[in-house]
Amino acid sequence: MTSIIPIPAFADNYMWLVRNGTRAAVVDPGDARPVLDYLAREGLTLAAILATHHHNDHVGGIDALLARYPAPVFGPARESIPSRTHALAQGDIATVPGMPVSLRVLDIPGHTAGHIAYFGTIDGAPSVFCGDTLFAAGCGRLFEGTPAQMWASLSALSALPDNTRVYCGHEYTLANLRFALAVEPDNAAARERQAQAQALRERGEPTLPSTIAQEHATNPFLRAHRADVRAAAARHAGRPVASDVESFAALRAWKNAF
Ligand SMILES: [Zn+2]
């Protein structure tokens with residue numbers, strides 16, 4: 001059996017650890033210490049490191065992990081990733097040695113210029129590791145990309161199967177849902193999700209993974225093409241929005257100042 005465990009880091013990051021038997025892979029290890037502690041406690045060997053993008057809170061722990069465990073480092077071809085051994089782009093496959101884990105790479109630029117996601121079936125469930133591009137009920141800031149790039153990237157993630165589990169890089173869900181409900185006050189699914197997320201956080205539990213179906217129903221950034229969401233974006237911007245990308249850009253600007 002393969003399972004996926006969140007390892008919290010810093011204020012609100014998740015590093016995702018995939019384990020099977022005595023082996024494990026880790027996605028976006030910004031901090032080595034909690035990963036090393038978990039591996040030692042559970043008697044696991046690190047079989048691979050996967051990075052989605054170059055930000056230090058996602059890759060800062062790589063070299064300290066390699067000092068203890070020699071492992072391949074998968075990362076985006078178009079970004080600088082410490083000790084990367086496998087430079088990946090759209091359509092490439094990342095196979096974790098000794099584990100039944102093979103993930104297909106999607107190019108999803110916008111948050112950073114070379115950001116990638118890893119998609120595959122893990123223990124029977126379609127799963128995507130999407131870093132800081134798609135969040136539960138939100139999306140990443142546009143540090144290096146354009147709204148058109150981010151909209152295309154979110155659309156690609158949105159086209160994954162409805163039951164795909166979404167493993168993203170931060171616990172931002174409650175703040176994102178507050179914004180989602182500002183955009184769509186009458187969205188009952190978002191309202192219900194807020195209550196569920198609130199209950200999870202009060203128990204100290206992650207709100208992740210979500211599913212692509214949940215994101216379709218509640219994430220304003222995946223809903224920017226809908227007439228009602230476009231109207232809300234235009235109302236807030238104080239000008240008409242002429243396209244899905246403009247609607248997305250207006251929502252992203254609104255959220256930046258929210
Ligand atoms: Zn980032």
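Structure shown above.
By convention here, each chain's residues receive numbers from 1 onward along its written sequence. Side-chain atom pairs in this predicted model are given and counted only at pLDDT of 80 or more, local residue features only at pLDDT of at least 70, and totals for whole chains, interfaces and linings cover all residues. Side-chain metrics in this entry use all non-hydrogen atoms of the structure; hydrogen atoms and water are not considered.

Topic: the coordination of the zinc ion
All of the protein donors around the zinc ion are His53 (NE2), His55 (ND1), His111 (NE2) and Asp132 (OD); their distances to the metal are 2.2 to 2.3 Å. Donor atoms (N, O, S) are those found within 2.8 Å of the metal centre, with the cutoff raised to 3.2 Å for Na, K and Ca; water is not part of the atom list, so apparent gaps in a site can occur. A site with four donors is called tetrahedral when every donor-metal-donor angle falls between 85 and 135 degrees; four donors are called square planar, and six octahedral, when opposite donors sit more than 155 degrees apart and all other angles fall between 65 and 115; any other arrangement is irregular. Around the zinc ion, the 4 donor atoms sit at angles spanning 89 to 166°, and that spread fits a shape best called irregular. Read in sequence order, the donor residues for the zinc ion give the motif H-x1-H-x55-H-x20-D. Here the residue His55 occupies a position in the loop between strand S4 (45-50) and helix H2 (56-59), and Asp132 occupies one in the loop between strand S10 (125-131) and strand S11 (134-135), the gap between them amounting to 77 residues. Only DSSP runs of H or I with at least four residues qualify as helices, and only runs of E with at least two residues qualify as strands; both kinds are numbered from the N terminus onward.

What about the state of the cysteines?
Here, a disulfide means two cysteine sulfur atoms that sit within 2.5 Å of each other. Under the counting rule described, the total for this entry stands at 0 disulfides. A disulfide-free cysteine, Cys130 has its sulfur positioned 5.4 Å from the sulfur of Cys168, the nearest such atom. Free cysteine: Cys139, not disulfide-bonded; nearest cysteine sulfur from Cys130 at 11 Å.

Concerning the sheet that holds strand S1 (residues 2-9)
Paired strands, as defined in this entry, are two strands with at least two bridges between them according to DSSP. The 6 strands lie next to each other as S1-S2-S3-S4-S5-S6, forming an open sheet whose pairing is mixed. For this open sheet the edge positions go to S1 and strand S6 (86-88), each flanked by a neighbour on one side alone. Taken over all neighbouring pairs, the strand axes of this sheet differ in orientation by 25° on average, direction set aside. Of the strand pairs in this sheet, strand S2 (residues 13-20) and strand S3 (residues 23-27) are connected by 5 bridges, and their pairing is antiparallel. Note on S3: the bridge partner recorded for Asn20 is Arg23. Angles shown run from 0 to 180 degrees and are taken between the N-to-C directions of axes, each axis being a line fitted to C-alpha atoms and, for helices, limited to the stretch in contact.

Side note on the packing of aromatic side chains
Classification of ring pairs rests on two measures: the distance between centres of Phe, Tyr or Trp rings, Trp counted by its six-membered ring, which must be within 6.5 Å, and the angle between planes, read as stacked under 30 degrees, edge-to-face over 60 and tilted in between. This structure, assessed with the given rule, holds 9 aromatic pairs. Aromatic side chains Phe135 and Tyr172 sit 4.9 Å apart centroid to centroid with 75° between the ring planes, which places their arrangement in the edge-to-face category. Here Phe135, found in strand S11, pairs with Tyr172, found in the loop between strand S13 (165-168) and helix H5 (173-183); they are 37 residues apart in sequence, far enough to count as distant. Between buried and exposed lies partly exposed: a residue is buried under 20% and exposed over 50% of the maximum accessible area for its type, with that area taken using a 1.4 Å probe on protein chains only. For Phe135, a relative accessible area of 3% gives the class buried.

A few points about helix H8 (residues 227-237)
Those residues of H8 that sit buried are Val229, Ala232, Ala233 and Ala234. Any two residues whose heavy atoms approach within 4.5 Å are treated as being in contact. Buried residues along H8 sit against H5 and helix H9 (244-256). Gly238 sits one or two residues past H8 and shows a positive phi near 75°.

Some thoughts on the sheet that holds strand S14 (residues 210-211)
Strands in a sheet are paired, the pairing made by backbone hydrogen bonds, and the direction either parallel or antiparallel. Spatially, the 6 strands line up as an open sheet ordered S7-S8-S9-S10-S13-S14, and their pairing is mixed. If you trace the sheet from one side to the other, it starts and ends with strand S7 (93-95) and S14, each paired once. The sheet contact formed by S13 and S14 spans 2 bridges and is antiparallel. Bridge pairing in S14 links Val166 to Ser210. Packing of helix H4 (residues 147-158) onto the sheet brings it into contact with strand S8 (102-107), strand S9 (116-122) and S10, and relative to S8 it is tilted by some 150°.

Side note on the pattern of salt bridges
We define a salt bridge as a contact between a side-chain nitrogen of Lys or Arg and a carboxyl oxygen of Asp or Glu at a distance within 4 Å. One pass over the structure, following the stated rule, counts 8 salt bridges. Note that Asp228 and Arg226 form a salt bridge whose closest N and O atoms lie 3.3 Å from each other. Given the relative accessible area of 33%, Arg226 is considered partly exposed. Of the charged contacts in the structure, one is a salt bridge between Asp244 and Arg230, with a shortest N-O distance of 3.1 Å. Highlighted residues: Asp244 in helix H9 and Arg230 in helix H8, separated in sequence by 14 residues. Given a relative accessible area of 29%, Asp244 falls into the partly exposed group. Exposure remark for Arg230: the relative accessible area of 23% places this residue in the partly exposed category.

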